[in-house]
Amino acid sequence: MDDQPTRRRLVLVLGAEGSGGDALAGTLRTLGMRVPQRGADPAAPGEVPRWVADLHDELLQRCNVDADDARPSAWFDTGRLAHLEPLRVRVHRWLEERFVADGPELVLRDPRLAWFLGVWRSAALRCDADLSCVTVLRHPAASVAPVGGADHDADDVPVVAGWVNAQLHAERATRGSARGFVRHDDLLADWTVPVAGLGTALGLRAVQEAGANDIRAVHTYLRGDVPTAGRAWDDVDLPAGLRDLADRTWDALGELVETPDDARVLARLDGVRADYTTTYDQAAALARSSSRAAHRAGLVTLPTPERAVVERGADRVPHSVRAAVPAGLRRRLRRVLDRPGSD
């Protein structure tokens, strides 16, 4: 075995909620990488560290962005945070502490990581660590509520739109970084093939040097990862245009599993992203009257400030000032101030 010190590496596991990202993070941990824990329980390798969860909650709230936001513009709102130096310092300090305490090869998993890749990229650079991003892919129909869920059809459109938006922009944000794509189905069918490929492509020493006991442990671990039953497209109520965008996104991302930076596929994804942005803008314009009506209805429920409406222009003059003006002049001024247009 090579006695050279292991270089610091940070692997960010991306992918929608329920995509299988937790299964991959747990697999890498079982093979020897470290996943900072939410608490002291080492039996929950897929959990998001509490510090990371709280950070992402705080940042999403600051940007007024949902974790599954379907707005293309939301990526610009979260991306601006990467330029805030206090935030960069804060994340760098936490990550440095984790490298010192947990070891040189770390894995972070949180479905919200993609919103803040710039912040984590900066922290890894300051820690002198190599950053890699691995996206776990699962068909968008599987992200929709299982058959039998209450009123699930009402949520199909925003859920799938959020999936398309997240996948397209996360893919764009990881270009230029070491990265890989793994299908959830491949991970469950024979995890050794995609994980060994990641170990080689990303230089993950824990994966490359895994022994027989580690491999048996992963087999045992993945037996407990039973995917939630998803729905087929025929069960999902979607506009044809949105379904087409989701299909095009899924097909193109699937090609990146073998060639993560194929220029031809990247061009196709750029085209899908542009089409999605156009479709979203058109839908928002179509629903603008409903949005404005909802805004007006919300304003009605707000408490009315005292003296929000001033009936006469003369009432805007403080009483102490009015009292110092002679009565005759005061009457003439009142008539002038109360004329229409005197406001």
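The rules behind these values
Residues numbered from 1 in each chain as written. Predicted model: local features only at pLDDT ≥ 70, side-chain atom pairs only at ≥ 80, totals over all residues. Heavy atoms only, no water. Helix = DSSP H or I, 4+ residues; strand = E, 2+ residues; numbered from the N terminus. Buried < 20%, exposed > 50% of the residue type's maximum accessible area, 1.4 Å probe, protein only. Contact = heavy atoms within 4.5 Å. Areas by Shrake-Rupley, 256 points an atom, 1.4 Å probe, with all protein chains shown as cover. Phe/Tyr/Trp six-rings, centres within 6.5 Å; stacked < 30°, edge-to-face > 60°. Axes fitted to C-alpha atoms, helices over the stretch in contact; angles between N-to-C directions. Parallel < 35°, antiparallel > 145°, perpendicular 65-115°, else oblique. Left-handed = near helix turned anticlockwise from the far one by under 90°. Nonpolar A, V, L, I, M, F, W, Y, C, P; charged D, E, K, R; others polar. Salt bridge = Lys/Arg side-chain N within 4 Å of Asp/Glu carboxyl O. Expected span 1.5 Å × (residues − 1). Pairing = 2+ DSSP bridges.

A. Inspection of the overall build of the protein chain at higher detail. Within the protein chain, the secondary structure is distributed over 15 helices and 4 strands. Each of the 343 residues in the protein chain was classed as buried or not, and the buried ones make up 40%. Restricting to contacts in the protein chain with at least 6 residues of sequence separation, those with at least 24 account for 78%. Within the structure as shown, the protein chain displays about 18,400 Å² of accessible surface, and the carbon and sulfur contribution to it stands at 53%.

B. Fine view of unusual backbone geometry. Although it is not a glycine, Asn 64 sits at a positive phi angle of roughly 60 degrees. Relative to the elements of secondary structure, Asn 64 occurs in the loop between α2 (50–63) and α3 (74–79). One non-glycine residue, Asp 128, adopts positive backbone phi at about 55 degrees.

C. Spotlight on the packing of aromatic side chains. As enumerated under the stated definition, the model contains 4 aromatic pairs in all. Seen from their ring centres, Trp 51 and Trp 94 are 4.8 Å apart, and the 5 degrees between their planes marks the pair as stacked. Taken as a pair, Trp 51 in helix α2 and Trp 94 in helix α4 (residues 85–102) lie far apart in primary sequence, 43 residues in all. In this structure Trp 94 comes out as buried when scored by relative accessible area, which is 9%. On the basis of an interplanar angle of 45 degrees and a centroid distance of 6.3 Å, the ring pair of Tyr 276 and Tyr 280 is categorised as tilted. Taken together, the positions of Tyr 276 and Tyr 280, both in helix α12 (residues 263–286) and 4 residues apart, correspond to about one turn of that helix. In this structure Tyr 280 comes out as partly exposed when scored by relative accessible area, which is 27%. Taken together, the ring pairs connect Trp 51, Trp 94 and Trp 120 into an aromatic cluster.

D. The arrangement of the packing of α2 against α4 in detail. Viewed as axis vectors pointing N to C, α2 and α4 meet at an angle of 165 degrees, and their least axial separation amounts to 12 Å. One finds that α2 runs roughly antiparallel with respect to α4. Classified by chirality, the crossing of α4 by α2 is left-handed. For the pair α2 and α4, the contacting residues are Trp 51, Val 52, Leu 55, Glu 58 and Leu 59 in the first and Leu 87, Arg 90, Val 91 and Trp 94 in the second. Looking at side-chain class alone, the contact of α2 with α4 contains 7 nonpolar, no polar and 2 charged residues.

E. Expanded view of the pattern of salt bridges. Summed over all chains, the structure comprises 27 salt bridges. Among the ionic pairs, Asp 130 bridges to Arg 9, the shortest N-O distance being 3.2 Å. Of this pair, Asp 130 sits in strand β3 (residues 130–137) while Arg 9 sits in strand β1 (residues 9–14), placing them 121 residues apart in sequence. Its relative accessible area of 27% is what places Asp 130 among the partly exposed residues. Residue classification places Arg 9 among the buried positions, given a relative accessible area of 18%. Ionic pairing is found between Arg 112 and Asp 110, a salt bridge with its closest N-O pair at 3.0 Å. Accessibility classification places Arg 112 together with Asp 110 in one group, the buried group.

F. Fine view of helix α13 (residues 288–300). Taking 1.5 Å of rise per residue, 13 residues should cover 18 Å, and α13 covers 19 Å from first to last C-alpha, within 8% of that figure. Sparse coverage of α13 is indicated by the burial of 0 of its 13 residues.

G. Expanded view of the sheet that holds strand β4 (residues 178–183). Here 4 strands make up an open sheet; going across it, the order is β2-β1-β3-β4 and the pairing parallel. The open sheet has two edge strands, β2 (105–109) and β4, and neither has a second partner. Averaged over all pairs of adjacent strands, the angle between strand axes in this sheet comes to 20 degrees, irrespective of strand direction. Relative to β2, β1 runs parallel, the two being bridged by 5 bridges. The partner of Leu 12 across the bridge, within β2, is Leu 108. The strands that α4 touches are β1 and β2; relative to β2, the one it contacts most, it runs at about 130 degrees.

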